[in-house]
Each structure stands twice: as C-alpha cells, then as structure tokens.
Amino acid sequence: MTDFPLAVARIAALRDRMEQTGTDLVAVGPSSHMAYLAGVHPHGDERPVMLLVSKSYAGFLMPALNSAAARKDTDLPFHCWRDDQGPDAALAELLEACGATGANLSVVLDETMRTDFSLRLLDAMDSPRRRFTEDTVALLRASKDEAEFKAIKDAHLVNDTAVKAAFAALKEGVTEAEIVELIKFEYAALGATLEFCSVCFGASGAFPHHTSGASKLERDTAVLIDTGCRLNGYPSDMTRCGYFGKPEEGYEEVFAVVERAVQAAIAAAKPGVRACDIDKAARDVITDAGYGDRFLHRTGHGLGIDIHEPPYIAANSDVVLAQGNVFSIEPGIYLDGKFGIRLEEIVILRQDGAETFSEMPRDMVRVG
C-alpha cells in the first residue's frame, strides 16, 4: 500500500486522459504540475529533473544530490544521476522503463519546464510528436476537488481579514509600501505568507500592475488594493477599492459600472458556458457605459496551486467551463491621471452557478 494515495489517484486520472487523447508519455519538470501530480517539490536548478508518466510506468529523472530530500515526498522510482556522470544514461533508462523507445510517440511536455530539459528529452526520443498540457495535466488541475476548495477558501478568509485591516489603517501620510507591510504582517499572524500585493493611491490605480512604493496618502484620494496570500499550498487573490476622504466627481459612477460588470459576469458563469461569453458579459456592461477602451485586460484567470493558471476568461477563449473550475472575475476601468477601479472575486463553478470565496463585501470602502 502506497503512503501517497493522492498521487496514485492523480496519476491514474492522468492515465485516463492519456488513453482518451492518444498520449504515450507525459513529462513534467520541477513545477506546479509536478507538485500536483506527485506532491514533489524538488530543488530546481540547471540539473535536469523530471517526472515521466506512461501508461505502464511513472518515475523520476533525479539528480543524486537531491534524491534524499525528494524521497520523503514520494515512493515513485528514481532514476538518479551524478554530476560526474551526466543525465543521459539515466534518462535513457527511464525512457526504457516507460516503454517510450518507439518512433513517432505522442509526448506531452510541461510548458513551464526549462527549454534545455525539454530538448534533452525530445533529442533522446525517435521523432516524437509533442504538445503541451492543455488536454491532460492542465485539464485535470482546472477541476478542483473539495479539499482544494477548502484550502482556497481558508486562504481567502485570511485575505479578507488582512484587507479589512489595511483599509482601517489608512491615514494621511502613510505610504503604499507601509500598507503592503501591514498586509504582510496580518498574513503572517494568521499563518499565511505574502503571495503578491499592489496598493495603489490615486492615479497609480490606473496602472493595472502598479508596483507599490513611497507615494504618501493624501486626503480625498482613491485607494485600490489587490493582494493575495498563500496558505497550506494554495493562494488567494482579491481586489477591493475605496476612498480616503470625499470621492471625486465621477468616481462613484465608475464604481457602479464596474460592480454591474462583476454581477453580470458572475450571473453568466455556469458549467457549459464558454469563457469568452463570461468575458463578454462583463465587457458589454463597461462598453455600454462608454468605458470600453478603458477596460485594459481579460476578465479573469484560473487559480489553483498557481495564482494564474487555466482556464483564462478572455474574449479569445472558446474553452467550455466545467463544474469545479476556479477563476477570477475582475473587470476594471482605468482613467489615466485620475484613478482605476477593479473589483475582483475568485469563484468556483458549482452545478447551479458561481460561488465566491471571499466574504468581504465589494462595497466602496469609505475611510476618513
């Protein structure tokens, strides 16, 4: 009996997808794909390390100096190599064990794996046909089980507490960077770590990926906070907006437009709906209000082990969404030199629609 039943179940599910897609071999590097399939987080450097899964065998190409540390996380076989040997013989042995020595095999490559790892594998095979993980590992990862739902939920409840504390701490003269540090402290107090944080004062909010800095908060200034933590291996992600002092003319009108866009996208989000249709639901609201050219990005991204992963909620995505998919809904309007408003929820698709993870209201936060 294996001590790693989750890995057994996930590799079995992968093999079902391999059978359905005519895939002979799946190769993943030291990435979130490897963590998902096998629970292994090996040290990543220039030494080739990968997990190969065929229909009959699964094993690791593993640098010998990392094998003891990795062994505690898996009972899958290691094909080890030392620095004075190089990896080629061990890789050939692993491919033989996988039954992957024939010509013209269909190989799925981890799109996040180092190029030199991927090329080494392809060069060791006979005219393989290769593609990436969209219909195998990535597809499996996109459907979250209840354990993953709980982990993501717990991270979002921590996020709610930190963001509320951040808005409560706003005062004249405080800097964006100081609010970031406060959020980081709140995360740590609740057992989480900072994944990312963007605190935007005033016109900085018009940059969707603003880097927080030394800007000091003045009275009657818009505030946007987009932040996420990591707890028990899974992240959170949320954006809330408000005002320190009296909102300037037009702010509340734009806020209301973005809120309607969020509501429209959530209402459209159901199993069987295409990602582009959810994007359209949000985008139509903003376009009809006259701000279509100020919505600068897609409506959302998937979230799981990675903060950004499939499915992507974009105008050019015909991906049909399924129960268990987790993704963001985050329309925004960005007015250069004035302010930006983005309201973001992470949702999971249930049988009857979308359920949000955060329990913090999206209402405009008023401080001071």
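For the structure, check the block above.
The structure presented is a predicted model; accordingly, all values stated were derived computationally and were not measured.

Engineer: Describe the overall build of the protein chain, listing the residues and the values that go with them.
Structural biologist: On a plain count of helices and strands, the protein chain comes out with 10 helices and 18 strands. Taking 2.2 N^0.38 as the reference for a compact globule, 368 residues should give roughly 21 Å; the C-alpha atoms of the protein chain span a radius of gyration of 23 Å, in line with that estimate. Each principal axis of the C-alpha atoms in the protein chain carries an extent, and together these give about 70 × 40 × 35 Å. Counting only residues that meet the buried cut, the protein chain has 54% of its 368 residues in that class. Summarising the internal contacts of the protein chain: among those between residues at least 6 apart in sequence, 66% fall at separations of at least 24. Total accessible area on the protein chain is roughly 15,800 Å²; 52% of this is exposed by carbon and sulfur atoms. Of the charged side chains in the protein chain, 37 are positive and 56 negative; the average position of the first set lies 1 Å away from that of the second.

Engineer: How would you summarise the pairing of strand β8 (residues 221–231) if you had to cite specific residues and measurements?
Structural biologist: The element β8 is extensively covered by neighbouring structure, given that 10 of its 11 residues are classed as buried. In this structure, strand β7 (residues 193–201) lies alongside β8, joined through 8 bridges in antiparallel fashion. The partner of Cys200 across the bridge, within β8, is Leu224. In this sheet, strand β10 (residues 238–244) lies alongside β8 in antiparallel orientation, the contact comprising 7 bridges. Bridge pairing in β10 places Leu224 opposite Cys241. With 2 bridges joining them, β8 and strand β9 (residues 234–235) adopt antiparallel strand pairing. Opposite Arg230, over in β9, you have Pro235 as the bridge partner.

Engineer: How would you sum up the layout of surface pockets? Please name residues and give values.
Structural biologist: If you add up the space inside the largest pocket, you get close to 480 Å³. Taken together, 23 residues line the largest pocket, and the ones lying closest to its centre are Glu134, Ala138, Leu139, Pro310 and Pro311. When contributions to the lining of the largest pocket are tallied by element, the ones reaching two or more residues are α2 (32–38), α6 (137–142) and β12 (309–313). With 5 residues, α6 is the largest single contributor of residues to the lining of the largest pocket. Among the residues making up the lining of the largest pocket, the classes are represented as 11 nonpolar, 7 polar and 5 charged. Taken as a whole, the second largest pocket spans an internal volume of roughly 370 Å³. Pro208, His209, Asp226, His308 and Glu330 are, among the 18 residues lining the second largest pocket, the residues nearest its centre. When contributions to the lining of the second largest pocket are tallied by element, the ones reaching two or more residues are β7 and β11 (300–302). The element that contributes the greatest number of residues to the lining of the second largest pocket is β7, accounting for 3 residues.

Engineer: Would you mind going over unusual backbone geometry in detail, with residue names and values included?
Structural biologist: Across residues other than glycine, the phi torsion is negative in most instances, and most of the peptide bonds are trans. Geometrically, the link from Pro310 to Pro311 is a cis peptide bond, its omega value of 5° lying close to zero. Mapped onto the elements of the fold, Pro311 is located in strand β12. Phi is positive for Ser127, close to 50°, though the residue is something other than glycine. Along the chain, the position of Ser127 falls in the loop between α5 (115–123) and β6 (129–131).

Engineer: Before we move on, could you go through the environment of Ala275 and cite the residues and values that matter?
Structural biologist: Take Ala275: it is sitting in helix α10 (residues 275–288). Its relative accessible area of 0% is what places Ala275 among the buried residues. Along the chain, Ala275 and Glu218 lie 57 residues apart, while their C-alpha atoms are 40 Å from each other. Apart from the residues within four sequence positions on either side, Ala275 is in contact with Tyr312, Ile313, Ala314, Ser317, Val319 and Leu321.

Procedures and definitions
Residues numbered from 1 in each chain as written. Predicted model: local features only at pLDDT ≥ 70, side-chain atom pairs only at ≥ 80, totals over all residues. Heavy atoms only, no water. Helix = DSSP H or I, 4+ residues; strand = E, 2+ residues; numbered from the N terminus. Rg over C-alpha atoms; globule rule 2.2 N^0.38 Å. Buried < 20%, exposed > 50% of the residue type's maximum accessible area, 1.4 Å probe, protein only. Contact = heavy atoms within 4.5 Å. Areas by Shrake-Rupley, 256 points an atom, 1.4 Å probe, with all protein chains shown as cover. Lys, Arg positive; Asp, Glu negative; His and termini not counted. Charge placed at Lys NZ, Arg CZ, Asp CG, Glu CD. Pairing = 2+ DSSP bridges. 1 Å grid on protein atoms, 1.4 Å probe; cavity = no way out; pocket = protein on both sides within 12 Å on 5 of 7 lines; lining within 4 Å. Points joined across faces, edges and corners; volume = space filled by probe spheres on them. Nonpolar A, V, L, I, M, F, W, Y, C, P; charged D, E, K, R; others polar.

Nothing here speaks to function; it is all geometry.
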